[in-house]
Amino acid sequence: MSTTARNPVTLHETGYVRQSQLVGKKGAPGIIPFSPATLWRKVAAGQFPAPVKLSAGVTAWRVEDVRAWLDTPR
């Protein structure tokens, strides 16, 4: 499941999700409970799925990878 009672943000079944959707913006919750810096540390450490480069200025995560990470017990 991709949401919790305190986090109303949802993921589509397939597609891509950008960093701002993952970690949220000021006043808006994200899907994951950590900052952009922590997100990238976890990517570098192999603790979060790696993003894909969609174009020169667009990096995103596959929704399927994020869902799998959310469903994996830690």
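These lines cover the structure that appears in this document, whether it is placed above or below. Throughout, a residue's number is its position along its own chain's written sequence, starting from 1. The predicted origin of the model limits local features to residues at a pLDDT of at least 70 and limits the giving and counting of side-chain atom pairs to 80 or more, whereas totals for whole chains, interfaces and linings rest on all residues. No hydrogens and no water enter the side-chain calculation; it runs on all heavy atoms of the structure.

Observations regarding the pairing of strand E2 (residues 52-55)
As a reminder, the rule being used: Here, strands pair whenever DSSP counts at least two bridges between them. Each helix corresponds to a stretch of at least 4 residues labelled H or I by DSSP, and each strand to a stretch of at least 2 residues labelled E; elements are numbered beginning at the N terminus.
Taken together, the three bridges between E2 and strand E3 (residues 58-62) define a ladder with antiparallel strand orientation. Looking at E3, one finds that Ser55 is bridged to Val58. Between the end of E2 and the start of E3, which pair antiparallel, lie two residues.

Quick notes on the sheet that holds E3
Our working definition: Fitted lines through C-alpha atoms serve as axes, helices being fitted only where they are in contact, and the angles separating the N-to-C directions of these axes extend from 0 to 180 degrees.
Read across the sheet, three strands follow the order E1-E3-E2 without closing on themselves; strand pairing throughout is antiparallel. Since the sheet does not close on itself, it has two edges, and those belong to strand E1 (16-18) and E2, each with one partner. Put simply, the sheet's adjacent strands are angled 50° from each other on average, direction ignored. Bridging between E1 and E3 involves three bridges; their strand directions are antiparallel.

A word on the packing of aromatic side chains
In plain terms, the rule: Ring geometry is summarised as follows: Phe, Tyr and Trp rings, the Trp one being its six-membered ring, pair when their centres sit within 6.5 Å, and such pairs are stacked at plane angles under 30 degrees, edge-to-face over 60 and tilted between the two. Burial here depends on accessible area, computed with a 1.4 Å probe over protein chains only, as a share of the maximum for the residue type. Under 20% is buried, over 50% is exposed, and the range in between is partly exposed.
Using the criterion set out here, one finds five aromatic pairs in the structure. With centroids separated by 5.3 Å and ring planes inclined at 55°, the aromatic side chains of Trp40 and Trp61 adopt a geometry described as tilted. You can see Trp40 sitting in helix H2 (residues 36-44) and its partner Trp61 sitting in strand E3, a full 21 residues away along the chain. The class of Trp40 is partly exposed, set by a relative accessible area of 36%.

Some words on the pattern of salt bridges
Heads up, the condition is: When a carboxyl oxygen of Asp or Glu is within 4 Å of a side-chain nitrogen of Lys or Arg, the pair counts as a salt bridge.
In this structure the tally under the stated criterion is three salt bridges. Among the ionic pairs, Glu64 bridges to Arg62, the shortest N-O distance being 3.8 Å. Since its relative accessible area comes to 30%, Glu64 is described here as partly exposed. Linked by salt bridges that have partners in common, Arg62, Glu64 and Asp65 make up one network.

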